[in-house]
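# Working through the structure, step by step
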Amino acid sequence: MSRVDGELKVTGRALYTADHHVEGIVHAVVVGSTVGRGRIRAIDIGPAAGQPGVLAVITHLNAPRLPYRDYHGPLVPVGERLHVLQDEQVRFFGQPVAVVVAETLEAAQHGAGLVAVTYDAQPPALDLAASSSNQPITYARGDADGAFASSETRLELTYRAARNHHNAIEPHATTARWEGDRLTVWDKTQYLVGAQNELAAVFGVPTDAVRVICPFIGGAFGNGLRSWPHVVIAALAARVTGRPVKLVLTRRQLYFGVGFRPAYTYTARVGSDRRGRLSAMIHDARFETSSYEQHGESVQALGQMLYETPHVRQVFQSVPLDVSTPTWMRGPGYSTAAFVIESALDELAHELRLDPIELRLRNEPADDPASGMPFSTRRLRECLTVGAREFGWHRRRARPGSTTDGHWSIGFGVAAGAYHTLRGAAQAYARLTAGGTVLVQAGASDMGPGTYTSMTQVAADALGLNLDDVRFELGDSTLPRVPPHGGSQTMASVGSAVQSACDQLRKQAVTFAVSDPRSPLHGVNPDDVVVRAGHMRLRNDPKRGETYQQLLTRLNRPHLELIGSYAPPQQSRFSTYAYAATFAEVAVDVRLGLVRVRRMLGVYDAGRIVNPKLADSQALGAMVGGIGMALLEHTVTDHRDGRIVNANLADYLVPVNADVPDLRAVYLEGSDEEAGPIGVKGLGEVVMVGVAPAVANAVFNATGRRVRDLPITAEALL
């Protein structure tokens, strides 16, 4: 099934955040700091304030004091939070130090260029290796150090992953309007309730006095999961000017103020016997966070459960630097850990002269090694074997550099991946009308995976309606509450709530029918009634029945309505993950150090696939993102002042069509009923996990050169 909102998007009628027009709207432009650390000594706003059309220039010197009530939501990092435009401290390059509000965007941009700021600057701390770390996160089972020391084969390997930025097509934007003490914001957000709670806390108003609207998102990949300073600034500017204010960040500003995947330095020590059975793995990693907040992500999970390893020790340390706070980026934590673990497994396979797939199969666990619980499903073995067959793995030559095509060296690589199955409490409203149509609503988001479409499918299936008779609405904090639109939990959580609402609604209609003496279905067992195309029929006598419309019209009821809900079990009896096996073929021009991905295959155990077309969009998109992580994406910082020197899409490279010629996804048939009522496990994150190491392993197979730093550059291969 194609996207139900596809026509709106291709005809330009889908309204993204910056597209919403509000009567009387004015424009705001943020002025960012030009030092990486220090304090503001003086700000001259006179020239900007005197420009025609400029309504206000707001700085910490004239901004209203905001209460910033204590608020610790599920996605709020630990730390001080940045009290934007409230003091003279500068904590990172690009930090908002002023905002200019004007009648037109051009006037605001011109005014922002005239704001002169004088700083008492200090050298920023930006070195991940030299800076002290926060309290480490540790994990241990068995005697990892002793087991490693006594292992027959030992490897000690250090990998590095560069900082990556999200670079969604739609820039972050916020429009804010106050009506008395009530605030409405149109915001690019993956978490409507989170933005609502954050704004209520910052401005000291009741939560229900804030409404957040976001019907469409033009990509986010994780950095829409929390509210950033510009959201507060837009609302602050609207309060100061008494006008609705629109604030759209520039592409350059996106590199400084809305998060990024943090850089890592990660050492792995791997021990095994000569047959490749893992005995120990020791993980030591450092990653960047900001000086005022502590970002954390699930980097430790993969090393605890992916393989049967009796002795494991992990030490993960965040390092506070003078940067803005990192955030989640597709496959957060897992993608970084997979690069290390799956590269290390490939190195071990080469050391032992084992096929990389065989090495992985020899270390498959029966139960979750971390929790001891059985897996709900674990079909990683099948992902690897199916992938090997479909990809033609038998054509791989074990000796690196032994396959050539003209002046290109050809290599094959494989990597496994997993991602935990998140589920959260969710509600959905459903209303069946006498006209035979249904409206379903939930406060969800859609940043690209196709929430509108998949929820329409679930609702239509549960109610026995044609797809054209179902309308699903999302993107408004006044709608029933659902979890954040991230972590691959929307289908499992919101989909289960929609299923619940529509199942109940169907049963309610059937109950009315079998209880009504005037109905053709009167007196039959409700379990014997099926619904197809809005027509309730007796299973064994299809001629006996009536439509929803006939029932409600006869009962003189304009509609039936209810709210369905879903809540995951508080304690699960199973370890629930989605799994991936990614295969890559690369060609390397050894004269130039040029790497080209020729083809890629992903095989996934993700439970029920509701919509294969949408699933392909997720899988292929993640492969593209993983290619960028492996070969191209690298944020470059000037350590003198914290300036990002490649804060644009000309110098920060992302894959283009020529980089991704042949991508294919395969989904194992099945359903995971332990993961939830509709049997899905989430797909959007796991498809990213394992892509970068598959490419890196293929590069080694092509060249014999092991590159342990991402991205893999031409310089590293020359």
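Our subject is the structure that appears above.
Residues numbered from 1 in each chain as written. Predicted model: local features only at pLDDT ≥ 70, side-chain atom pairs only at ≥ 80, totals over all residues. Heavy atoms only, no water.

### Side note on the side chain of R261
Within the secondary structure, R261 sits in the loop between α7 (254-257) and β14 (264-272). We note that R261 is buried and unpaired, the nearest opposite charge coming from E297 at a distance of 5.7 Å. A polar atom in the side chain of R261 sits 3.2 Å from the backbone oxygen of M329. A distance of 3.0 Å separates a polar side-chain atom of R261 from the backbone oxygen of R330. (Helix = DSSP H or I, 4+ residues; strand = E, 2+ residues; numbered from the N terminus. Buried < 20%, exposed > 50% of the residue type's maximum accessible area, 1.4 Å probe, protein only. Lys, Arg positive; Asp, Glu negative; His and termini not counted. Salt bridge = Lys/Arg side-chain N within 4 Å of Asp/Glu carboxyl O. Polar contact = N/O pair within 3.5 Å; in protein donor to acceptor, adjacent residues only side chain to side chain.)

### What to know about helix α13 (residues 490-515)
Compared with an ideal rise of 1.5 Å per residue, which puts 26 residues at 38 Å, α13 spans 36 Å between its outermost C-alpha atoms and is within 8% of the ideal. By the criterion of burial, α13 is predominantly enclosed, with 19 of the 26 residues buried. (Expected span 1.5 Å × (residues − 1).)

### A few points about the pattern of salt bridges
In the structure shown here, the tally under the stated rule is 39 salt bridges. A salt bridge links D145 to R313, with the nearest nitrogen and oxygen atoms 3.0 Å apart. Residue D145 is found in helix α4 (residues 144-149), and its partner R313 is found in strand β17 (residues 311-321); the two are separated by 168 residues along the sequence. Taking the relative accessible area as the measure of exposure, D145 reaches 37% and is therefore partly exposed. Of the charged contacts, one joins R706 and D346 as a salt bridge, the two residues approaching to 2.8 Å between their closest N and O atoms. Of this pair, R706 sits in the loop between α16 (691-703) and β32 (709-710) while D346 sits in helix α9 (residues 334-352), placing them 360 residues apart in sequence. Among the residues examined, D346 registers a relative accessible area of 5% and is labelled buried. One connected set of salt bridges, linked through shared partners, spans D346, E347, R706 and R708.

### Describing the nonpolar core
Core analysis: the largest hydrophobic core is formed by 98 residues, its most contacted members being L302, F583, V586, M600, Y604 and V695. Take this core: its biggest share by element is 11 residues, from α9. Apart from the residues lying within four places of it in its own chain, the contact partners of V586 are S409, I410, G411, V595, R596, V597, R598, V695, A698, V699 and A702. With 48 residues, the next largest nonpolar core counts A460, F472, V482 and V510 among its residues. (Core = buried A, V, L, I, M, F, W, Y, C linked by side-chain atoms within 4.5 Å. Contact = heavy atoms within 4.5 Å.)

### Brief notes about a nonpolar patch on the surface
A cluster of nonpolar residues, M1, V4 and L467, forms a patch on the protein surface that exposes about 220 Å² of accessible area. Residue position: V4 is located in the segment before α1 (6-10). Judged by relative accessible area, V4 falls into the partly exposed class, the value being 42%. (Patch = residues over 30% accessible without salt bridge, like charges linked within 9 Å, V, L, I, M, F, W, Y side chains within 5 Å. Areas by Shrake-Rupley, 256 points an atom, 1.4 Å probe, with all protein chains shown as cover.)

### Thoughts on unusual backbone geometry
Geometrically, the link from L710 to P711 is a cis peptide bond, its omega value of 0° lying close to zero. Along the chain, the position of P711 falls in the loop between β32 and α17 (714-717). Of note, the phi angle at R353 is positive, near 60°, even though the residue is not glycine. Note on placement: R353 falls in the loop between α9 and α10 (356-362). Residue R353 is classed as exposed on the basis of its relative accessible area, which comes to 79%. Within the chain, N556 stands out as a residue other than glycine whose phi angle is a positive 55°. Tracing the sequence through the fold places N556 in the loop between α14 (548-554) and β26 (559-566). Judged by relative accessible area, which is 67%, N556 ranks as exposed.

### Here we look at the sheet that holds strand β23 (residues 529-532)
Pairing is antiparallel in the open sheet, where 3 strands are placed in the order β23-β24-β25. Of all strands in the sheet, those bounded by a partner on one side alone are β23 and β25 (541-547). Geometrically, the sheet is characterised by an average inter-axis angle of 35° between neighbouring strands, direction not taken into account. As judged from the 4 bridges shared by strand β24 (residues 535-538) and β25, these two strands associate in the antiparallel manner. Opposite M536, over in β25, you have E546 as the bridge partner. (Pairing = 2+ DSSP bridges. Axes fitted to C-alpha atoms, helices over the stretch in contact; angles between N-to-C directions.)

### Focus on the environment of L479
Its place among the elements puts L479 in the loop between β22 (470-473) and α13. Distance in space between the C-alpha atoms of L479 and F260 is 30 Å, their sequence separation being 219 residues.

### Some remarks on the sheet that holds strand β15 (residues 278-290)
Remark on secondary structure: sheet strands pair via backbone hydrogen bonds, oriented parallel or antiparallel. Pairing is mixed in the open sheet, where 6 strands are placed in the order β8-β17-β15-β14-β9-β32. Bordering the open sheet on either side are β8 (137-141) and β32, each of which pairs with just one other strand. Relative to β17, β8 runs antiparallel, the two being bridged by 5 bridges. The residue bridging I137 from the neighbouring strand is F316, located in β17. Sitting on the sheet, α9 touches β9 (153-161), β14, β15 and β32, and the angle it makes with β9 is about 145°.

### As for the packing of helix α12 (residues 451-463) against α13
Where α12 contacts α13, the two axes come as close as 8 Å, and the packing angle between them is 30°. By the angle class used here, α12 and α13 are roughly parallel. Between α12 and α13 lies a crossing of right-handed hand. Contact residues: T451, S454, M455, V458, A459, A462 and L463 in α12; T490, M491, V494, G495, V498, Q499, C502, D503, L505 and R506 in α13. Taken together, the residues of the contact of α12 with α13 break down into 10 nonpolar, 5 polar and 2 charged. (Parallel < 35°, antiparallel > 145°, perpendicular 65-115°, else oblique. Left-handed = near helix turned anticlockwise from the far one by under 90°. Nonpolar A, V, L, I, M, F, W, Y, C, P; charged D, E, K, R; others polar.)

### Some thoughts on the packing of aromatic side chains
Tallied over the full model, the rule gives 17 aromatic pairs. Pairing Y264 with F287 gives two aromatic rings, centres 5.0 Å apart and planes at 25°, and the pair type is stacked. Here Y264, found in strand β14, pairs with F287, found in strand β15; they are 23 residues apart in sequence, far enough to count as distant. By relative accessible area, Y264 is classed as buried at 2%. For the pair F391 and F583, a centre-to-centre distance of 5.6 Å together with 35° between the ring planes defines the contact as tilted. Linking F391 in helix α11 (residues 380-391) with F583 in strand β27 (residues 577-589), this pair joins segments that are 192 residues apart in sequence. (Phe/Tyr/Trp six-rings, centres within 6.5 Å; stacked < 30°, edge-to-face > 60°.)

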